[in-house]
Amino acid sequence: TDTLFLHGDTLMAIEDSLIGNRVYAYPSVKFFRKDMQGAADSLIYASEDSLIYMFIEPVLWADDLQITGDTILIRTYEGVVDKLFVFDHAFMANKVDSSKFNQIKGKHLTGFFEENDLRKILIRGNGQSLYYATEEEKADSNSTPTPSVKFVGVNKAICSNIEIFMIDRQIDRILFLTKPDGTFYPIDQLPEDESLFEGFIWDDARRPKSRSDIFN
């Protein structure tokens, strides 16, 4: 589970006593790990400090989360992802149905991992959040008790700094830390032109679904 499969048009390894050993991949880079996948124009792996740098239209996927930004940095420790940094135009999204997306964006993003699971996310600067609230519907007593989920509203907020807590790789709760200003819309009253933040893109077509996909 901690093996990373990497592909690029060019791979170059350099030994350097000053900056440490590095692997460069460029362009058209894709990588696959069981718990995380990524794509970018170019990538650098610095073995001395176990850092992966992703440049030019980088995209990172972890379960159903998609994370984008100008530059993405992944820190690992003993083969396990430890921390994630997204610099400038950080954007996190996940698809809740065919036309609905939870979205959180800001200037910078920091992700904190425990045992390879993303547990907490901190957005710093110009934070914005759009999150679909749901509730379980009880199944008919005459049928098999399989409760379904329905959307009850949309919480849209602006806040300089936002903290997101994850449980079982799903968003559990969101804290708005600095001067929040928000609106809760009933599900049928969210204006259509406000359902997607500026800069949103769903880039699932670039995602490698298996280690062989890194060659596509």
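It should be noted that the structure appears before, not after, this text.
Description of the structure in this document. (Residues numbered from 1 in each chain as written. Predicted model: local features only at pLDDT ≥ 70, side-chain atom pairs only at ≥ 80, totals over all residues. Heavy atoms only, no water.)

Focus: the overall build of the chain
Condition: Helix and strand assignments come from DSSP, with helices taken as H or I runs of at least 4 residues and strands as E runs of at least 2, each series counted from the N terminus. Between buried and exposed lies partly exposed: a residue is buried under 20% and exposed over 50% of the maximum accessible area for its type, with that area taken using a 1.4 Å probe on protein chains only. Only heavy atoms enter the contact rule, under which two residues are in contact if any of them lie within 4.5 Å. Under the convention used here, a 1.4 Å probe and the Shrake-Rupley method define accessible areas, while residue burial counts only the protein chains that appear. Asp and Glu count as negative and Lys and Arg as positive, but His and the ends of the chain are not part of the count. Charge positions come from single atoms, namely NZ of Lys, CZ of Arg, CG of Asp or CD of Glu.
For the chain, the count of helices and strands is zero helices and 16 strands. Over its C-alpha atoms, taken along the principal directions, the chain stretches across nearly 65 × 45 × 30 Å. Here the chain holds 216 residues, and 41% of them are scored as buried. If you take every contact in the chain between residues at least 6 apart in sequence, the share linking residues at least 24 apart comes to 47%. Carbon and sulfur atoms form 49% of the exposed surface of the chain, whose accessible area is close to 12200 Å². Averaged over its 23 positive side-chain charges, the chain has a centre that lies 2 Å from the centre of its 35 negative ones.

So, the packing of aromatic side chains
The following threshold applies: Centre distance within 6.5 Å is the pairing criterion for rings of Phe, Tyr and Trp, where only the six-membered ring of Trp is used; planes under 30 degrees apart are then read as stacked, over 60 as edge-to-face, and the remainder as tilted. For a Lys NZ or an Arg CZ to count as sitting over a ring, it must be within 6 Å of the ring centre and within 35 degrees of the ring normal.
Tallied over the entire structure, the rule returns six aromatic pairs. Aromatic pair tyrosine 53 and phenylalanine 55: ring centres 6.3 Å apart, planes at 0 degrees, arrangement stacked. A relative accessible area of 27% means that phenylalanine 55 is categorised as partly exposed. Ring geometry for phenylalanine 85 against phenylalanine 87: centres 6.2 Å apart, planes inclined by 5 degrees, an arrangement best described as stacked. An aromatic cluster is built from Phe91, Phe101, Phe200 and Trp202, whose rings are joined through pairwise contacts. It is lysine 120 that lies over the ring of phenylalanine 112; its NZ or CZ is 4.9 Å from the centre.

Looking at the nonpolar core
The condition that has to hold: What we call a nonpolar core is a set of buried Ala, Val, Leu, Ile, Met, Phe, Trp, Tyr and Cys residues that are connected through their side-chain atoms within 4.5 Å.
Formed by 30 residues in total, the largest nonpolar core has its most connected members in Met54, Leu60, Ile74, Leu84, Met92, Leu109 and Ile164. Per-element accounting of this core gives the leading share, five residues, to strand S11 (residues 80-97). Excluding residues within four positions of it along the chain, isoleucine 164 makes contact with Ile104, Arg119, Lys120, Ile121, Ile123, Ile171, Arg173 and Ile174. In terms of nonpolar packing, the next biggest core, distinct from the first, is built from ten residues, Leu130, Tyr132, Tyr185 and Phe197 among them.

A few points about the side chain of aspartate 213
Defined as follows: Here, a salt bridge means any side-chain nitrogen of Lys or Arg that lies within 4 Å of a carboxyl oxygen of Asp or Glu. Whenever a nitrogen or oxygen atom comes within 3.5 Å of another N or O atom, the pair is scored as a polar contact, on the condition that within protein one atom can donate a hydrogen and the other can accept it, and that pairs from neighbouring residues in sequence are kept only if both atoms are in side chains.
Positionally, aspartate 213 belongs in the segment after strand S16 (181-186). Although buried, aspartate 213 forms no salt bridge, and the nearest oppositely charged side chain, lysine 209, lies 5.8 Å from it. Here lysine 209 takes part through its backbone nitrogen, which lies 2.8 Å from a polar atom of the side chain of aspartate 213. Once you skip the residues sitting within four places of it in the chain, aspartate 213 turns out to touch Lys30, Arg207 and Pro208.

Brief notes about the side chain of arginine 33
Within the secondary structure, arginine 33 is located in strand S4 (residues 29-33). At a separation of 3.0 Å, a polar atom in the side chain of arginine 33 contacts the side chain of aspartate 35.

Some points on the pairing of S4
The condition that has to hold: Pairing between strands is defined by DSSP: at least two bridges between the two strands are required.
Burial analysis of S4 places five of its five residues in the buried class, the great majority of the element. One ladder, built from three bridges, connects strand S1 (residues 5-7) with S4; its direction is antiparallel. Counterpart to leucine 6 in the pairing with S4 is phenylalanine 31. In the sheet, S4 pairs with strand S5 (residues 36-40) via five bridges, with the strands oriented antiparallel. By the bridge assignment for S5, phenylalanine 31 is matched with glycine 38. In sequence, S4 turns back onto S5 through a hairpin of two residues.

Focus: a nonpolar patch on the surface
The condition that has to hold: Surface patches are defined over residues having more than 30% relative accessible area and no salt bridge, joining like charges when they lie within 9 Å and nonpolar side chains (Val, Leu, Ile, Met, Phe, Trp, Tyr) when within 5 Å.
Together, Met12, Ile14 and Tyr26 make up a nonpolar patch on the protein surface, roughly 230 Å² of accessible area in all. As for its position among the elements, isoleucine 14 is in strand S2 (residues 10-14). Among the residues examined, isoleucine 14 registers a relative accessible area of 33% and is labelled partly exposed.

Side note on unusual backbone geometry
One non-glycine residue, serine 28, lies in positive phi territory at about 55 degrees. Tracing the sequence through the fold places serine 28 in the loop between strand S3 (22-26) and S4. Its identity is not glycine, yet asparagine 126 carries a phi of approximately 55 degrees, on the positive side.

Function cannot be read off these values alone, since they describe shape.
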